[in-house]
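What follows is each chain in one-letter form.
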Amino acid sequence: MQGIDEVGGKVAIVTGAASGIGRAITELLVERGAYVIAEDIDPAVEALASPHVVPLVADISADGSAEKAVGLAVERFSRLDLLVNNAGIIINKLVVDMSRNDWERIMTVNVTGAFLHAREAMKAMIPRRSGAIVNVASYASYFSFPTIAAYTASKGALAQLTRTLALEAIEHGIRVNAVGSGDVLTNILNDAAPDGNGVAALAAHGEGAPIGRAANPKEIAEVVLFLASDRASFMVGSVVMADGGMSVKVGS
Ligand SMILES: NC(=O)c1ccc[n+]([C@@H]2O[C@H](COP(=O)([O-])OP(=O)(O)OC[C@H]3O[C@@H](n4cnc5c(N)ncnc54)[C@H](O)[C@@H]3O)[C@@H](O)[C@H]2O)c1
């Protein structure tokens, strides 16, 4: 049965499903009739278990995690239609204060984790000649401000992974795209914010966007579901900005 946005009955992997945007994507997919392997390093993801959701507690950047996620999709729901590479982390440090370990941690999760999952998902999708991969990128794929060098480097790399993989995948009937998200009210800054209140920091930063606010996670999930659905059938290698106008603003 096809749902209103044509993801009904499809089988998806969503990484970073326990919180924020990933959780909203998982909930929207389920609401519209899809089945989800919900992967997260945080065991809180287990609370999402249902007839439509199989949780997987795993570090996306660890060897074997992607194979496990794809294996679960095939074992429990007999195939894989969609991959959403959503899990990501940030660090706020000046380059001169950043350790090699800081840098590598961000790149390993945000880029290598996505690469490993895309590679395994492609292997399952190619024989069926269909599928869609959506990467959760950022306005930081193109723009920046001080203290987010590792994050912007990782999101720039994710945008380029999106484009190159899209070129390799489309000949197999698989579409690859990304969302360039603006500020969203999630837990991503909780460790980085001096007072631990990352949501307040994101709300304040979001006020600088032309729209005057940060997004709710569901507003990004809607764009992800569109790109994942057959309604986006002509979209290949796009990074679609959903950022309240942040990326088109010059000056105040
Ligand atoms: N919130 C924003 O303002 C914003 C803006 C642009 C892009 N994004 C991107 O959106 C994505 C989701 O972030 P969010 O804002 O919902 O943050 P969040 O912290 O609320 O959720 C991220 C989830 O990813 C999980 N995760 C982190 N490292 C992992 C790993 N190694 N393996 C498995 N799971 C892991 C976390 O446990 C968490 O549940 C990220 O890629 C982020 O870069 C967020």
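Reading guide: rules and limits
Residues numbered from 1 in each chain as written. Predicted model: local features only at pLDDT ≥ 70, side-chain atom pairs only at ≥ 80, totals over all residues. Helix = DSSP H or I, 4+ residues; strand = E, 2+ residues; numbered from the N terminus. Buried ≥ 20, exposed ≤ 12 C-beta atoms within 10 Å, placed from the backbone. Contact = placed C-beta atoms within 7 Å. Near = placed C-beta within 6 Å. Pairing = 2+ DSSP bridges. Axes fitted to C-alpha atoms, helices over the stretch in contact; angles between N-to-C directions. Parallel < 35°, antiparallel > 145°, perpendicular 65-115°, else oblique. Left-handed = near helix turned anticlockwise from the far one by under 90°. Nonpolar A, V, L, I, M, F, W, Y, C, P; charged D, E, K, R; others polar.

Enquirer: Report on the overall build of the protein, specifying residues and quantitative values.
Expert: Looking only at helices and strands, the protein features six helices and seven strands. Along its sequence from the N terminus, the protein presents helices and strands in the succession β-α-β-β-α-β-α-β-α-β-α-α-β. Viewed in the frame of its principal axes, the protein has a C-alpha envelope of about 50 × 35 × 35 Å. Considering the protein as a whole, with its 252 residues, one finds that 48% of them fall into the buried category. Contacts in the protein between residues at least 24 apart in sequence constitute 69% of all its contacts with a sequence separation of at least 6.

Enquirer: So, the site of the ligand: which residues are in play, and what are the values?
Expert: Near the ligand lie 28 residues; those nearest to it are Gly16, Gly20, Gly88, Thr186 and Ile188. At the level of secondary structure, the elements contributing two or more residues to the shell around the ligand comprise α1 (20-31), α3 (100-125) and β5 (131-138). The element contributing the most residues to the shell around the ligand is α1, with three residues.

Enquirer: I'd like a rundown of the sheet that holds strand β1 (residues 11-15), residues and numbers included.
Expert: Across the sheet, which stays open at both edges, the seven strands sit in the order β3-β2-β1-β4-β5-β6-β7 with parallel pairing between neighbours. Two strands bound the open sheet, and with one partner strand each, they are β3 (53-57) and β7 (239-242). Across the sheet, the mean angle from the axis of one strand to that of its neighbour is 20°, orientation sign disregarded. Here strand β4 (residues 82-85) pairs with β5 via four bridges, running parallel. Bridging from a neighbouring strand, Val84 pairs with Val134 of β5. Across the face of the sheet, α1 comes into contact with β1, β2 (35-40), β3, β4, β5 and β6 (174-181) while running at roughly 165° to β1. Running over the sheet, helix α6 (residues 217-228) touches β4, β5, β6 and β7 and is turned about 165° from β6.

Enquirer: So, the packing of α3 against helix α4 (residues 149-169): which residues are in play, and what are the values?
Expert: Closest axis-to-axis distance for the α3/α4 pair is 9 Å, and the angle between their directions is 15°. Judged by the inter-axis angle, α3 sits roughly parallel to α4. Between α3 and α4 lies a crossing whose hand is right-handed. In this structure, α3 contributes Asp102, Trp103, Ile106, Met107, Asn110, Val111, Ala114, Phe115, Ala118 and Met122 to the contact, and α4 contributes Ala150, Tyr151, Ala153, Ser154, Lys155, Ala157, Leu158, Leu161, Leu165 and Ala169. Considering only residue class, the contact of α3 with α4 consists of 16 nonpolar, two polar and two charged.

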